[in-house]
Amino acid sequence: MISSLSGLTLLRLLVIVTGVGGSLAFLLFGLASWRERERRAVWVSLVLAALFPLPHLAAGLLRFPRQPVVAALLLVIAGLALLVLGIPLGRPALEDDTPRSRVDERDIMFARWRLVPGSPEYDDYYARRPEKKQGDDRIRAAPGLLAPGSRMYHPFAFRAADASFAVIDGMRAAVDGPVAAEQVPAVPTEMTRMIKGLARHYGAWSVGVTDLRDYHVYTHVGRGAGRYGEPIELDHDCAIAFVVEMDHQMVRRAPAAPAAMETSKQYLAAAAVALQLATFIRSLGYSARAHIDGDYQVICPLVARDAGLGEIGRMGLLMTPHLGPRVRIGVVTTSLPLSPDPPKREPAVVDFCRRCVKCAENCPSCSIPFDDRQLIDGVLRWRIDCETCFLYWNTIGTDCGRCMAVCPYSHPHTPFHGLVRWATRRSAPARWLALQLDDLFYGRRPKALDGPSWLQGP
Ligand code: SF4
Ligand code: SF4
């Protein structure tokens, strides 16, 4: 009798602790959301903090028929929720999504957009690709990126973004350079450790090393100043890829002008890291080339993926495990002997994208596919409609970024979001649950943040 009474007391105590603990967790999450300026998440957290403990407290404190059963049921539900988070379940298969061929940089939207009507490059390109001409001319006729007359025009933010791009322009001369005559002996493992540390010291969030592969390298120059159409032959063996973080609050203002400021700022930050790394490596007596905004010879997201920094998601961007797509990538290719990172693929990220489609639902130009990855030019991938996306950019004047702003992976790297990411990597039910919770706390169509107030101007 005594022991059964103790068991009942313990059951009551446990259910009360669960209720109070859950309520505290929601309150803490509400506080974190307030710091993130996610108003809806704050309100939802407060409501849940108030509602969650009610049945637990009732089952722990009140007397009613079948009260122990109800208390046990509440504990089982809480236990199951923890199991969903913790147990590895439903690991998705890794599919072969290795590209089989190289890409011509002249075909990418940024290169086509810069073609000047009447120039030899323009005539040559559209003689080879007549099907692209009409759509591209339409894009060129739009107001343009960071241009007055565009829909999101902001006199200060656009100039600020331009200022960052102007600084990058000035950095392009240093992407390559003379190599020191004397070569410092390099032990690959030790050198890799130092290079990674140095990249972080310069400002990288994460860094990886991969063998440089054929499909990483563009076939022809599409943007590098004065060398349009030249074949690209990089004789480097290794590529160092890294990412820099984009500020969450600025990104959450997308597609308004502050998001474009953040893009240009982080392109500049990535360029600074890449140039310093490349210059350092050349001083050791090894060739190195920095690949920076407007002067890439490699396809950065593929290099970064093969260096173990993430996966390519539905919106066609690199999805990193901790910051999602909220990054800019930098790459340095080199002849310095380095130890490539072992393959580190994250099929759970692809599986999450398969279920989510939030970016596709929020894309204002309907450029992101809703269906599963397709074999496109022999590669299993999602392909966004670059033409409609870029036309939208040139109409509003910013690089939009709405897809990045609403992505559940873009939340800040905090203990709460980190826990969710950890669970989604391990378990398919957790991926399902994370999506439901993301919709509940942030909405299926999250509102863009206002501000910042310091950008109002005089
Ligand atoms: S919004 Fe969803 S589908 Fe789109 S990239 Fe992010 S996780 Fe993938
Ligand atoms: S940047 Fe904007 S327009 Fe382009 S795919 Fe993303 S949401 Fe769509």
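Residues numbered from 1 in each chain as written. Chains lettered and ligands numbered in written order. Predicted model: local features only at pLDDT ≥ 70, side-chain atom pairs only at ≥ 80, totals over all residues. Heavy atoms only, no water.

## Here we look at the overall build of the protein
Now for step 1: Scanning the protein for helices and strands turns up 18 helices and 8 strands.
Now for step 2: For the protein, the C-alpha atoms occupy an extent of roughly 90 × 55 × 45 Å along the three principal directions.
Now for step 3: The buried share of the protein, reckoned over its 458 residues, is 50%.
Now for step 4: Counting only contacts in the protein whose residues sit at least 6 apart along the sequence, the fraction spanning at least 24 positions is 77%.
Now for step 5: With the model as given, the accessible surface of the protein reaches about 21700 Å², and the carbon-plus-sulfur share is 63%.
Now for step 6: With 53 positive and 45 negative side-chain charges, the protein shows a spacing of 10 Å between the two charge centroids. (Helix = DSSP H or I, 4+ residues; strand = E, 2+ residues; numbered from the N terminus. Buried < 20%, exposed > 50% of the residue type's maximum accessible area, 1.4 Å probe, protein only. Contact = heavy atoms within 4.5 Å. Areas by Shrake-Rupley, 256 points an atom, 1.4 Å probe, with all protein chains shown as cover. Lys, Arg positive; Asp, Glu negative; His and termini not counted. Charge placed at Lys NZ, Arg CZ, Asp CG, Glu CD.)

## Some words on the packing of aromatic side chains
How two aromatic rings sit relative to each other is given by the distance of their centres and the angle of their planes.
Now for step 1: Enumeration over the complete set of coordinates arrives at 12 aromatic pairs.
Now for step 2: Measuring from centroid to centroid gives 5.8 Å for Phe26 and Phe52, while their planes differ by 65 degrees, and the two rings are edge-to-face. Of this pair, Phe26 sits in helix α1 (residues 2–35) while Phe52 is found in the loop between α2 (39–51) and α3 (53–61), placing the two residues 26 residues apart along the sequence.
Now for step 3: Residue classification places Phe52 among the partly exposed positions, given a relative accessible area of 29%.
Now for step 4: Geometrically, the ring pair formed by Phe390 and Trp393 is tilted, given 5.5 Å between the ring centres and 45 degrees between the ring planes. (Phe/Tyr/Trp six-rings, centres within 6.5 Å; stacked < 30°, edge-to-face > 60°.)

## A short note on the nonpolar core
Now for step 1: By size, the foremost hydrophobic cluster in this structure holds 57 residues, and its most contacted members are Ile240, Phe242 and Leu277.
Now for step 2: Of all the secondary-structure elements, those providing two or more residues to this core are α8 (155–171), α9 (188–202), β1 (206–211), β2 (238–245), α11 (257–283), β3 (288–291), α12 (300–306) and β6 (327–334).
Now for step 3: The biggest single contributor to this core is α11, with 9 residues.
Now for step 4: Filtering out sequence-adjacent residues up to four positions away, Leu277 remains in contact with Ile195, Leu198, Ala199, Tyr202, Ile240, Phe242 and Val332.
Now for step 5: By size, the runner-up hydrophobic cluster in this structure holds 18 residues, among which are Phe352, Cys356, Cys407 and Tyr409. (Core = buried A, V, L, I, M, F, W, Y, C linked by side-chain atoms within 4.5 Å.)

## Details of the pattern of salt bridges
Now for step 1: For the structure on display, the rule yields 36 salt bridges.
Now for step 2: Across the pair Arg172 and Asp293 runs a salt bridge whose closest N-O atoms are separated by 3.9 Å. Of this pair, Arg172 sits in the loop between α8 and α9 while Asp293 is found in the loop between β3 and α12, placing the two residues 121 residues apart along the sequence.
Now for step 3: Between Arg444 and Asp439 there is a salt bridge, and its shortest N-O distance comes to 3.1 Å. (Salt bridge = Lys/Arg side-chain N within 4 Å of Asp/Glu carboxyl O.)

## What about helix α15 (residues 386–396)?
Every α-helix winds through 3.6 residues per turn, so residues three or four apart in the chain are directed the same way.
Now for step 1: Residues Cys389, Phe390, Leu391, Tyr392, Trp393, Asn394 and Ile396 constitute the buried set of α15.
Now for step 2: Buried-residue contacts for α15 involve α5 (109–113), α7 (133–141) and α8.
Now for step 3: Its side-chain oxygen 3.1 Å from the backbone nitrogen of Glu387, Asp385 forms the N-cap of α15.
Now for step 4: Just downstream of α15, Gly397 is the residue with a positive phi angle, here 95 degrees. (Polar contact = N/O pair within 3.5 Å; in protein donor to acceptor, adjacent residues only side chain to side chain.)

## Quick look at the site of ligand 1
Now for step 1: Neighbouring ligand 1 are Arg314, Met315, Met319, Phe352, Cys353, Cys356, Val357, Lys358, Cys359, Cys407, Pro408 and Tyr409.
Now for step 2: Of all the secondary structure elements, the ones that give two or more residues to the shell around ligand 1 are α13 (347–356) and α14 (358–362).
Now for step 3: In terms of residues, the shell around ligand 1 owes the most to one element, α13, which gives 3 residues. (Near = heavy atom within 4 Å.)

## Side note on the environment of Ser33
Now for step 1: Mapped onto the secondary structure, Ser33 falls in helix α1.
Now for step 2: For Ser33, a relative accessible area of 1% puts it in the buried group.
Now for step 3: Ignoring anything within four residues of it in the chain, the contact list for Ser33 reads Glu38, Ala41 and Val42.

## A closer look at the site of ligand 2
Now for step 1: Around ligand 2 sit Cys363, Pro364, Ser365, Ile368, Cys389, Tyr392, Trp393, Asp399, Cys400, Gly401, Arg402 and Cys403, and that is every residue in its neighbourhood.
Now for step 2: Listed by contribution, the elements that provide at least two residues to the shell around ligand 2 are α15 and α16 (402–406).
Now for step 3: Looking at the shell around ligand 2 element by element, the count peaks at 3 residues for α15.
Now for step 4: Split by residue class, the shell around ligand 2 holds 8 nonpolar, 2 polar and 2 charged. (Nonpolar A, V, L, I, M, F, W, Y, C, P; charged D, E, K, R; others polar.)

## A few points about the sheet that holds β6
Now for step 1: Read from one edge to the other, the open sheet built from 4 strands follows the order β1-β2-β6-β3, with strand pairing classed as antiparallel. The strands lining the two open edges of the sheet, one partner per strand, are β1 and β3. In this sheet, neighbouring strand axes are inclined to one another by 20 degrees on average, regardless of whether the strands run parallel or antiparallel.
Now for step 2: Pairing geometry for β1 and β2, over 6 bridges, is antiparallel. In the sheet register, Val209 faces β2, and the bridge partner there is Ile240.
Now for step 3: Each of β1 and β2 is contacted by α9, which is oriented at about 140 degrees to β1, the strand it contacts most.
Now for step 4: Along the sheet, α11 makes contact with β2, β3 and β6, crossing β2 at roughly 145 degrees. (Pairing = 2+ DSSP bridges. Axes fitted to C-alpha atoms, helices over the stretch in contact; angles between N-to-C directions.)

## Focus: the domain arrangement of the protein
Interfaces are frequently sized by the accessible area removed from exposure as the parts join.
Now for step 1: What the domain assignment reports for the protein is domain 1 (2–86) and domain 2 (105–408).
Now for step 2: Computed over C-alpha atoms only, the centres of domain 1 and domain 2 are separated by 46 Å.
Now for step 3: Listed as interface residues are 4 residues of domain 1 and, on the opposing side, 4 residues of domain 2.
Now for step 4: Interface area lost by domain 1 to domain 2 is led by Glu36, Arg37 and Glu38, which between them contribute 96%.
Now for step 5: Counting every contact that joins domain 1 to domain 2 gives 1 salt bridge.
Now for step 6: In this structure, the salt-bridge partner of Glu38 is Arg252, at a minimum N-O distance of 2.8 Å. (Domains from an automatic or database assignment. Buried area = accessible area lost by both parts, 1.4 Å probe.)

## Thoughts on unusual backbone geometry
Now for step 1: Look at the link from Ala254 to Pro255: it is a cis peptide, with omega at 10 degrees.
Now for step 2: As for its placement among the helices and strands, Pro255 is situated in the loop between α10 (248–251) and α11.
Now for step 3: Following Gly451, the chain continues to Pro452 via a peptide bond in cis, the omega torsion being 5 degrees.
Now for step 4: Within the element layout of this structure, Pro452 appears in the segment after α18 (428–442).
Now for step 5: Even without being glycine, Val357 reaches a positive phi, approximately 55 degrees.
Now for step 6: Tracing the backbone through its elements, the reader meets Val357 in the loop between α13 and α14.
Now for step 7: On the basis of relative accessible area, Val357 is assigned to the buried category, the value being 13%.
Now for step 8: In this structure, Asp377 is a non-glycine residue whose phi angle is positive, near 50 degrees.
Now for step 9: By secondary structure assignment, the location of Asp377 is in the loop between β7 (374–376) and β8 (379–381).

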